[in-house]
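# Descriptive analysis of the structure
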Amino acid sequence: MHTKQGPAGAKLAFQPSLKGRALRLLGQREHTRSELERKLRAHEQEPGTLARALDELQAQGYLDERRAAESLVHRRASQLGATRLRQEMQDKGLGRELIEQTLAGLKDSELTRAREVWRRKFDAAPTTPHERAKQTRFLLARGFSAEVVRRVLGGDPSDE
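Because the structure is a prediction, the values reported are computed rather than measured.

## Quick notes on the overall build of the chain
When you go through the chain residue by residue, the secondary structure sums to nine helices and two strands. Along its sequence from the N terminus, the chain presents helices and strands in the succession β-β-α-α-α-α-α-α-α-α-α. For the chain, with 160 residues in total, the buried portion stands at 35%.

This is the structure:
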């Protein structure tokens, strides 16, 4: 919050508009409409002003759900599997069809990405059941499917 000097030296608080706040958030990273609504709801003075501000930003191209989905995948795909990415997109309020379209391009790279995530963390095949369980949990928690995890930990050279 910025302050300005008012009459008689009193400090006046400057409150950015809802649109200004939304633009500031969008300048940091892409956001979905649902995220912006959640983050800005507390700043709405009159009912309906937030929806109008977001409608305007959407009409001007500043707010774009497809761009937000692609941005999330671009930032997170090197660390997460499709299951976790799907969950994050749902949490951000993206529609099922958009999520499926965005994730469709990742199917071919899922095994390669899982191997890279595994290598960064372990880089050695499990030698005991305990190690195998630990590595399995790690990859599953990052959203890789059980089949992909089996292939990564199985070390089958034909999977390369």
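## Some points on unusual backbone geometry
The phi dihedral of Asp-123 falls on the positive side, at around 60 degrees, and the residue is not glycine. With respect to the helices and strands, the residue Asp-123 is situated in the loop between helix 7 (110-121) and helix 8 (129-141). The class of Asp-123 is exposed, set by a relative accessible area of 53%.

## Description of the pattern of salt bridges
One pass over the full model with this rule turns up 12 salt bridges. Arg-29 serves as the salt-bridge partner of Glu-35, at 2.8 Å between the closest nitrogen and oxygen. The buried category is assigned to Glu-35, whose relative accessible area is 4%. Taking relative accessible area as the criterion, Arg-29 reaches 25% and is therefore assigned partly exposed. Each of Arg-29, Glu-35 and Lys-92 takes part in salt bridges that share partners, so that together they form one network.

## Let's talk about the nonpolar core
One finds Ala-69, Leu-72, Val-73, Ala-77, Leu-80, Leu-85, Met-89, Leu-94, Leu-98, Ile-99, Leu-103 and Leu-106 forming the largest nonpolar core, which totals 12 residues. Elements represented by at least two residues in this core include exactly helix 4 (65-76), helix 5 (82-91) and helix 6 (96-104). Sequence-distant contacts of Val-73, defined by excluding residues within four places in its chain, comprise Met-89, Thr-102, Leu-103 and Leu-106.

Rules of the game
Residues numbered from 1 in each chain as written. Predicted model: local features only at pLDDT ≥ 70, side-chain atom pairs only at ≥ 80, totals over all residues. Heavy atoms only, no water. Helix = DSSP H or I, 4+ residues; strand = E, 2+ residues; numbered from the N terminus. Buried < 20%, exposed > 50% of the residue type's maximum accessible area, 1.4 Å probe, protein only. Salt bridge = Lys/Arg side-chain N within 4 Å of Asp/Glu carboxyl O. Core = buried A, V, L, I, M, F, W, Y, C linked by side-chain atoms within 4.5 Å. Contact = heavy atoms within 4.5 Å.

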